[in-house]
Amino acid sequence: MDVQGTVAAGWEPVRDAFLRNFEQRGERGAALAVHRDGAKVVDLWAGTRDVDGTEPWSSETAQVVRSATKGVAAAVPLLLHQRGLLDLDAPVATYWPEFKAAGKDRVTVRQLLAHRAGVPVLDRPLTLAEAVDLPTATRVIAAQAPVWEPGTAHGYHAHTFSWLLSGLVHRVTGRTIGRWVAEEITGPLGLDLWIGLPEAEAHRVGRLGPVEEIDPPGSGALKLRPKRSVSEAYKDPDSLTRRAFGVIEPKPDENDPVYRAAELPGSAGVATARALARFYAATLGPVDGAERLFAPATLTLARTEESAGPDKVLLVGTRFGLGHMLHGPASPLLGPSSFGHPGRGGSLGFADPDSGIAFGYVTNGMRKTVTADPRAQALVRAVRSVVDLTF
């Protein structure tokens, strides 16, 4: 495998780990970027842009990053709060009056962002046409009754997070979340990252697809065999787990231009690894002359735990801040200060304030993992080994 790109001196172990993913873990096409203290120290890509093709992955190739989109989208309410436009402890209905229906009148913005609102499922799944039409989808989620008393527990709002956040942001700003991100984050930072892929950029995006799940003996990969209860929940059409991941029926084709163009901040963002890493680097400090995104108080909010323990949807222990996943057994990042978000099946982006690391990994080969892909974890371990040597 011919790995393209560069690594700074001392970061060669990360390149070695990236190569091993192709040689030993069935990787087909991927890219990795890492910043430290605002400076790019890793910028790598290899393989094919399409999981089932032969055209080489280039430095400009982007991919659908699934739930890694949530980490970028979660910055929007934090920045609105930073600007004094959003009270995290106010009821969502303060900004979105229709949301108070069906017993949700006391749901706060903080609870919504921390997966505590109790609406990870819908009484009726949406068609793709309904799901991508934000007025329709946000009207449906506003009318939905919670399946647990809001604030008393947490459970991963895998897809409904898209419409919850879209509805809130639109009512606070008058803009769709995709437009807000483009105008306030990705445009100023020069990021190849979109929530709602423009037609003019579609030619850059590779095709996703499943890959064989291979982990070499003695690799140190995180053991991800689910408990029987988790496996059974994914098979049970009545479980919260199955319903949360099945709120769009039939299951959308993520390679469909209609899906990629949709402003679904919970699942359909498109990005390069460079863009993910640069975004998270900007949450920590200035990058190449661009101003930092998060003030110190906002950075503290991003890394602060809001939900922890048994997840009513994923059925494992998870940790969430205000929209970001936090470092823990179910989603290992770099360390206790890390915040970010994985994408189901592969991609990962996060920041680690303690070490100054910002990380972005994008792949076209989808595995069955939800929160801790072995390829991403191998790369995180390699980054950790370098950081441990240089602290």
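Residues numbered from 1 in each chain as written. Predicted model: local features only at pLDDT ≥ 70, side-chain atom pairs only at ≥ 80, totals over all residues. Heavy atoms only, no water.

**Q** Explain empty space enclosed by the protein to me, please; I cannot follow it from the model alone.
**A** Over the atoms, a rolled probe matching the size of one water molecule traces out where space is still vacant. Scanning all chains against the criterion turns up four cavities of 30 Å³ or more. Of the volumes computed, that of the largest cavity is approximately 70 Å³. Lining the largest cavity are 13 residues, with Ala31, Asp43, Ser59, Ala273 and Arg274 positioned closest to its centre. Elements with a minimum of two residues in the lining of the largest cavity: strand 2 (29-36), strand 3 (39-47) and helix 12 (273-284). Empty space within the second largest cavity amounts to approximately 50 Å³. Forming the walls of the second largest cavity are Gly317, Thr318, Arg319, Met325, Leu326, Gly328, Pro329, Ala330, Ser331 and Thr371. Counting only elements with at least two residues in the lining of the second largest cavity, the list comes to strand 9 (317-320) and strand 10 (325-326). Sorting elements by how many residues they give to the lining of the second largest cavity places strand 9 first, with three residues. For the lining of the second largest cavity, the per-class residue count stands at four nonpolar, five polar and one charged. (1 Å grid on protein atoms, 1.4 Å probe; cavity = no way out; pocket = protein on both sides within 12 Å on 5 of 7 lines; lining within 4 Å. Points joined across faces, edges and corners; volume = space filled by probe spheres on them. Helix = DSSP H or I, 4+ residues; strand = E, 2+ residues; numbered from the N terminus. Nonpolar A, V, L, I, M, F, W, Y, C, P; charged D, E, K, R; others polar.)

**Q** When you look at the packing of helix 3 (residues 75-82) against helix 8 (residues 177-189) in this model, what are you seeing that I'm missing?
**A** A pair of packed helices is captured by two measures, namely the crossing angle of their axes and the spacing between those axes. Interhelical geometry of helix 3 versus helix 8 gives an angle of 65° and a closest axis separation of 11 Å. The chirality of how helix 3 crosses helix 8 is left-handed. Contact residues: helix 3 offers Ala75, Val76, Leu79 and Leu80, while helix 8 offers Ile177, Trp180, Val181 and Ile185. Tallied by class, the residues present in the contact of helix 3 with helix 8 amount to eight nonpolar, no polar and no charged. (Axes fitted to C-alpha atoms, helices over the stretch in contact; angles between N-to-C directions. Left-handed = near helix turned anticlockwise from the far one by under 90°. Contact = heavy atoms within 4.5 Å.)

**Q** Would you take a moment to explain the packing of aromatic side chains for this structure?
**A** To describe a pair of aromatic rings, one takes the distance between the centres and the angle between the planes. By the definition in use, this model includes eight aromatic pairs. When the centroid spacing of 6.0 Å and the interplanar angle of 15° are considered together, the rings of Tyr156 and Phe320 count as stacked. Of this pair, Tyr156 sits in the loop between helix 6 (134-143) and helix 7 (160-173) while Phe320 sits in strand 9, and the two are 164 residues apart along the sequence. Pair check on accessibility: Tyr156 and Phe320 agree, each one buried. Consider the rings of Tyr280 and Phe339, whose centres lie 6.2 Å apart with planes at 65°: the pair is edge-to-face. With Tyr280 in helix 12 and Phe339 in strand 11 (residues 339-342), this pair connects stretches of sequence that are 59 residues apart. We classify Phe339 as buried; its relative accessible area is 0%. An aromatic cluster of at least three residues, connected via ring pairs, comprises Tyr156, Tyr234, Phe245 and Phe320. When the ring centre of Phe99 is taken as reference, the NZ or CZ atom of Lys104 above it lies at 4.8 Å. It is Arg344 that lies over the ring of Phe245; its NZ or CZ is 4.3 Å from the centre. (Phe/Tyr/Trp six-rings, centres within 6.5 Å; stacked < 30°, edge-to-face > 60°. Buried < 20%, exposed > 50% of the residue type's maximum accessible area, 1.4 Å probe, protein only. Lys NZ or Arg CZ within 6 Å of the ring centre and 35° of its normal.)

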